[in-house]
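Listed below, chain by chain, are the residues.
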Amino acid sequence: MNLEILGYSFIQKGLIAGAAISIICSLMGMFLVLRRYSLFGDALSHMAFGGISLGLFTGIYPLWTAFAVSVLGALGITKLRKSAKISGDAAIAVLLVSGLGIGVLLISASGGFKVDLFSFLFGSILLISTEDMLLILGISSGVVATLVALRKQLLHLTFDEEQAQVSGINTDRLNYVFVVLASVTVITSMRLVGILLISALIVLPNITAIMFGKGFKKTVALSVSMSVSSVVSGIILSYYLDLAPSGVIVMISVSMLVGTLLLKHVNVLGKSKSIQKLPSEA
């Protein structure tokens with residue numbers, strides 16, 4: 001394969017931004033998957049869809065409205081789940097259908113789909129500007145730094161929320177910080193795979209890595225490496241195949257998952273260690 005395309009500036013910007021996005025999706029996704037919130041990213045992306053529709057309808061920059069709607073929706077559902085004792089999957093379902101409903105109503109009120117909306121739905125990583133790339137790098141660095149700083153508290157929250165509260169962790173505040181970080185990750189990731197495929201990038205590399213059963217730190221490293229490699233190879237392959245990068249990236253992630261399942265089936269990977277016993281390894 002001729003790699004002269006790496007000399008093109010739009011490919012370089014896409015690869016750099018894509019790698020940064022894949023890292024934060026993998027890190028955030030690990031906590032979401034372990035908390036059995038795998039569809040939370042999907043719900044946030046649907047809220048973002050409603051926010052983008054609101055921005056296009058009102059003439060406000062769509063990413064700002066998407067971020068505001070996603071954060072407010074996620075915080076509201078988190079508060080509702082806490083006060084009304086609604087289960088996690090039910091709260092996620094409420095978030096998902098609410099965002100979708102808002103989006104459809106605003107789209108119909110504004111006269112149908114627009115080209116701008118399609119770029120948010122399906123991603124446009126190869127069309128980003130230098131300013132966009134720098135903004136993505138800055139946001140990704142902030143998310144990673146926050147996750148690293150809060151990793152011990154987040155691990156306690158993930159594996160045993162009641163024990164975390166007993167040990168003195170303000171679980172309510174930590175939950176709010178977590179959903180804000182998840183919202184930031186989703187909004188940032190829209191430029192790579194679009195609203196409709198964000199949950200795949202958040203969930204698939206982590207599920208695949210967990211199946212290797214290598215312990216928490218190694219599982220995170222595996223997930224990040226799989227996520228970055230799928231994004232980089234997906235962007236390059238999409239150029240040669242003349243296909244949408246988002247779809248190619250997701251299908252590479254799916255192929256990694258299927259390959260791992262096959263290895264598990266023939267017992268190549270051996271017996272997996274339970275990840276539920278791993279907080280002390282972080």
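Look above for the structure.
Residues numbered from 1 in each chain as written. Predicted model: local features only at pLDDT ≥ 70, side-chain atom pairs only at ≥ 80, totals over all residues. Heavy atoms only, no water.

(A) A look at the overall build of the protein chain. In terms of helices and strands, the protein chain carries 12 helices and zero strands. Going residue by residue from the N terminus, the α and β elements of the protein chain occur as α-α-α-α-α-α-α-α-α-α-α-α. Out of the 282 residues belonging to the protein chain, those deemed buried represent 50%. A separation of at least 24 residues holds for 77% of the contacts in the protein chain among residues at least 6 apart in sequence. As displayed, the protein chain has an accessible area near 13100 Å², and 67% of this comes from carbon and sulfur atoms. (Helix = DSSP H or I, 4+ residues; strand = E, 2+ residues; numbered from the N terminus. Buried < 20%, exposed > 50% of the residue type's maximum accessible area, 1.4 Å probe, protein only. Contact = heavy atoms within 4.5 Å. Areas by Shrake-Rupley, 256 points an atom, 1.4 Å probe, with all protein chains shown as cover.)

(B) Expanded view of the side chain of Ser-223. Mapped onto the fold, Ser-223 is located in helix H11 (residues 216–241). Judged by relative accessible area, which is 0%, Ser-223 ranks as buried. Engagement of the side chain of Ser-223 in a polar contact is seen with the side chain of Ser-26, the distance being 2.5 Å. (Polar contact = N/O pair within 3.5 Å; in protein donor to acceptor, adjacent residues only side chain to side chain.)

(C) Geometry of the layout of surface pockets. Computed from the structure, the largest pocket encloses a volume of approximately 320 Å³. Lining the largest pocket we find Tyr-61, Leu-63, Trp-64, Phe-67, Asp-132, Leu-135, Ile-136, Ile-139, Val-184, Ile-187, Thr-188 and Arg-191. Broken down by secondary-structure element, the contributors of at least two residues to the lining of the largest pocket are helix H3 (62–84), helix H6 (130–149) and helix H9 (171–193). Classifying every residue of the lining of the largest pocket gives nine nonpolar, one polar and two charged. Its boundaries defined by the atoms lining it, the second largest pocket holds a volume of some 270 Å³. For the second largest pocket, the lining is made up of 11 residues, of which Leu-27, Phe-31, Arg-151, Phe-216 and Val-220 are closest to its centre. Elements that contribute at least two residues to the lining of the second largest pocket include exactly helix H1 (9–34), H6 and H11. (1 Å grid on protein atoms, 1.4 Å probe; cavity = no way out; pocket = protein on both sides within 12 Å on 5 of 7 lines; lining within 4 Å. Points joined across faces, edges and corners; volume = space filled by probe spheres on them. Nonpolar A, V, L, I, M, F, W, Y, C, P; charged D, E, K, R; others polar.)

Treat this as a map of the structure, not an account of what it does.
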